[in-house]
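# Secondary and tertiary structure notes
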Amino acid sequence: MTRILRIAAAQSGPVPKNETREETLSRLIRMLRKAADQKAELIVFTECALTPFFPHWWIEDEAELDAYYDSVVPGVSTQALFEEARKLGIGVHLGYAELCQNTDQKRRFNSSVLVNQEGETVGRFRKVHLPGHAEHRPDNPFQNLEKRYFEVGDLGFPTWNAFGGVVGMCICNDRRWSETYRVLALGGAELILLGYNTPDHIPEHPELDRLVDFQHQLCMQAGAYQNGCWVVAVGKAGLEEGVSQIGLTSIIAPSGEIVAQSKTRGDELVIHDCDLDATTVYKKAMFNFEANRSPEHYRAITEQRGVKTPESVQ
Ligand code: CDT
């Protein structure tokens with residue numbers, strides 16, 4: 001028996017500042033219904049899918065900043081989306097800005113949630129690799145203030161049994177780091193879900209602009225192949241509040257091949273039947289992780305050869 005999971009990657013076009021939550025949810029629900037019409041079992045939305053990507057501008061007023069965050073997801077503010085998904089029997093991955101508020105302190109994370117086809121929460125992830133800067137750079141055409149608006153995620157890179165396989169999540173910049181895939185794959189991940197907001201211009205390094213699309217694909221294709229995983233990467237695309245973001249929403253097979261990709265910079269669904277058993281030839285045969293990559297084995301090799309890992313150097 002093969003394990004085929006039909007996944008819809010739901011790319012979002014720009015979300016303008018003046019778009020209401022109701023309007024944004026309607027756009028996501030429109031894609032949800034289309035995905036369900038095409039018999040998708042899981043829809044994957046992008047990073048901070050409910051709002052414009054506000055780290056692109058400087059905000060001093062706390063109430064204005066708070067308005068971009070959600071505290072309980074699924075919850076009242078996303079009820080229409082998750083209720084419709086449950087009715088349609090489709091699972092949901094959703095990225096959002098998370099505000100945890102106790103009496104004495106606020107904590108902010110760049111988060112995602114995975115909900116199954118019965119409407120139950122499978123798990124949560126908080127972004128670990130926060131790009132950008134914390135200080136205002138008024139000379140830049142736009143900001144990248146994730147280090148100001150979010151804390152580093154404190155949940156690690158967990159995996160869950162869901163959708164007939166082992167699933168993990170990461171968010172945007174996490175996809176550029178090999179340890180993201182490595183840790184998820186050591187947790188057994190067969191499917192990695194991620195959303196991103198990636199500008200096509202890097203203010204501090206314009207000489208790298210020509211490589212943005214290439215490097216976006218390079219890191220995920222390598223991560224998928226080297227770890228025998230599917231990677232589903234979903235973008236926010238197009239010109240949003242003056243910031244031009246790449247499209248290239250992609251579904252990448254464990255071979256490292258991009259098997260489906262968006263063609264526009266607007267709201268667009270990319271659907272593919274992902275065979276979770278296509279991971280086996282890499283995990284069990286080609287690389288045979290059990291024999292060659294268990295953490296115990298890795299430690300034994302480094303100790304035997306007297307290799308010092310960064311952790312062991314004082
Ligand atoms: N949202 C996010 O993490 N964006 C970063 C921009 C880095 S600039 C190349 C990203 O890694 O895509």
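One structure accompanies this document, and this report is about it.

## Section: the site of the ligand
- In the vicinity of the ligand, the contacting residues are E47, F53, K127, P131, E146, C172, N173, R175, R176, N197, T198 and I202.
- In this structure, an oxygen atom belonging to the ligand sits 2.7 Å away from a side-chain N or O atom of R176.
- Protein chains shield 89% of the accessible area of the ligand, which is 360 Å² for the free molecule.
- Under a 2 Å grid-point criterion requiring more than half of the atoms, the pocket assigned to the ligand is the largest pocket.
- Its residues assigned to classes, the shell around the ligand shows four nonpolar, three polar and five charged.

## Points about helix α6 (residues 212-227)
- If you check α6, its first and last C-alpha atoms are 23 Å apart, about what 16 residues at 1.5 Å a residue would give, namely 22 Å.
- Within the span of α6, buried status applies to V212, H216, Q217, C219, M220, G223, A224 and N227. Each buried residue of α6 lies within a common arc of 160° when the element is viewed along its axis, so the set occupies one face.
- Just downstream of α6, G228 is the residue with a positive phi angle, here 60°.

## As for the packing of aromatic side chains
- Per the counting criterion, the structure on display carries eleven aromatic pairs.
- Geometrically, the ring pair formed by F54 and Y68 is stacked, given 4.9 Å between the ring centres and 15° between the ring planes. Here F54, found in the loop between β2 (42-44) and α2 (62-66), pairs with Y68, found in the loop between α2 and α3 (79-88); they are 14 residues apart in sequence, far enough to count as distant.
- With a relative accessible area of 12%, Y68 lands in the buried category.
- Between Y225 and Y282, the aromatic rings sit 6.0 Å apart at their centres with planes inclined by 80°, giving edge-to-face as the arrangement. Of this pair, Y225 sits in helix α6 while Y282 sits in helix α7 (residues 280-286), and the two are 57 residues apart along the sequence.
- Its relative accessible area of 32% is what places Y225 among the partly exposed residues.
- Among the aromatic residues, ring-to-ring pairing joins F54, W57, Y68, Y69, Y149 and F150 into one connected group.

Basis of the calculations
- Residues numbered from 1 in each chain as written.
- Predicted model: local features only at pLDDT ≥ 70, side-chain atom pairs only at ≥ 80, totals over all residues.
- Heavy atoms only, no water.
- Near = heavy atom within 4 Å.
- Polar contact = N/O pair within 3.5 Å; in protein donor to acceptor, adjacent residues only side chain to side chain.
- Areas by Shrake-Rupley, 256 points an atom, 1.4 Å probe, with all protein chains shown as cover.
- 1 Å grid on protein atoms, 1.4 Å probe; cavity = no way out; pocket = protein on both sides within 12 Å on 5 of 7 lines; lining within 4 Å.
- Sits in = over half its atoms within 2 Å of the grid points.
- Nonpolar A, V, L, I, M, F, W, Y, C, P; charged D, E, K, R; others polar.
- Helix = DSSP H or I, 4+ residues; strand = E, 2+ residues; numbered from the N terminus.
- Expected span 1.5 Å × (residues − 1).
- Buried < 20%, exposed > 50% of the residue type's maximum accessible area, 1.4 Å probe, protein only.
- Arc of directions from axis to C-beta.
- Phe/Tyr/Trp six-rings, centres within 6.5 Å; stacked < 30°, edge-to-face > 60°.

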